[in-house]
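Each chain, written out:
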Amino acid sequence: MTSVTEASPPRRPAGRTPGGARPRRIADRGAWFLVLPALLPILVLSVGPLLYGILLAFTDAQSGRTEPTQWIGGLNFRDLLHDTLFWESFRIGLVWAVGVTVPQFLLALGLALLLNQDLRLRWLARALAIIPWAMPEVVVGIMWRLAYNPDAGILNETLRDIGLGGGHDWLSGPATALPAVIVVGVWAGMPQTTVALLAGLQNTPRELHEAAAVDGASAWRRFRTVTWPALGPIALAITALNLIWNFNSFALVYVLTSGGPGGRTRLPMLFAYEEAFRYGQFGYAAAMGCVLVAVISIALAVFLAGRLRGGDDA
């Protein structure tokens, strides 16, 4: 008797389905369709103005002129290279950014360590600590202008009461304007750093601290060997972001001093704003913006490269 063997159907390669390419393409289109509502505002409000600003930097665009705007190539950037006022504002911006970020981090670290303890009314202390963060920068600027007022400000009144004089014009003095503004920047930005560090502290296992305490480690040694290694990535990230945010500051300093006295607090963003909206030099101001974007992008690239290299080494 002859046995008849049924022919088995051809086997498909693993991972393939009939018409597999087409459903995948349809799924990709569906994913783009879902992302589109979030992507459109970014394109319209961020990418579009950025590209327009870059294009404007290569023109002689000005306000109030009747002649059509002309393409001038890199002339604005060449003039900017020799503009000592802009580079002085750039130096002031670096002093401001570092002068705000470093004390901001140190004070926020101390406050986060305090708020992480089991204290009575800790919830109230945490709520009060984030009040400056919830206030608009314009309101913060107005409030501190009143506090710095040379005649009736609370700071000068306190100095008079304790016999240390008073009547100092903190925001108009060439030697005191930038330090006074830095104090406001530290006060206004400290809560967000505190919240980030406090979140990192609460994610640190308590068992590690308890084991170190059982071994006889002091508070400083526990901080150095347990707390700080856990906070390291968060501290690095929030410090880099704070440097960028502080360097790009505008509203707070504008309300406090408008860049005065004599340009002592004129940050780069303030300088670009004045060139565009006070003097009408839109093309030149756009070139300033391009330089600032390039500097910030390079700083971000260096930071991200360092983080990725550190992650690979780990």
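Note that this is a predicted model, so its numbers are computed, not measured.

(A) Spatial organisation of the pattern of salt bridges. As enumerated under the stated definition, the model contains four salt bridges in all. Among the ionic pairs, Glu 274 bridges to Arg 266, the shortest N-O distance being 3.3 Å. The exposure class assigned to Glu 274 is buried, which follows from its relative accessible area of 7%. The salt bridge partner of Glu 274 is Arg 278, with a shortest N-O separation of 3.9 Å. Of this pair, Glu 274 and Arg 278 are both found in helix α12 (residues 268–278), four residues apart, which corresponds to roughly one turn of the helix. One network of salt bridges, with partners in common, ties together Arg 266, Glu 274 and Arg 278.

(B) Just the packing of aromatic side chains, in detail. Here the structure, examined in full by the defined rule, presents 17 aromatic pairs. In this structure an aromatic cluster arises from ring pairing among Phe 86, Trp 87, Phe 90, Phe 247 and Phe 271.

(C) Quick look at the confidence of the model for the protein. Averaged over the protein, the pLDDT score is 84; the fraction of residues at 70 or greater is 89%. Here residues 1–6 is a poorly scored stretch, pLDDT under 50, and it has zero contacts once near neighbours within four places are set aside; other chains count.

(D) Spatial organisation of unusual backbone geometry. In this structure, Pro 261 follows Gly 260 across a cis peptide bond, with omega equal to -5°. Position of Pro 261 among the secondary structure elements: in the loop between α11 (251–256) and α12. One non-glycine residue with positive phi stands out, namely Ser 258, at about 55°.

About the cut-offs
Residues numbered from 1 in each chain as written. Predicted model: local features only at pLDDT ≥ 70, side-chain atom pairs only at ≥ 80, totals over all residues. Heavy atoms only, no water. Salt bridge = Lys/Arg side-chain N within 4 Å of Asp/Glu carboxyl O. Buried < 20%, exposed > 50% of the residue type's maximum accessible area, 1.4 Å probe, protein only. Helix = DSSP H or I, 4+ residues; strand = E, 2+ residues; numbered from the N terminus. Phe/Tyr/Trp six-rings, centres within 6.5 Å; stacked < 30°, edge-to-face > 60°. pLDDT = per-residue confidence, 0-100. Contact = heavy atoms within 4.5 Å.

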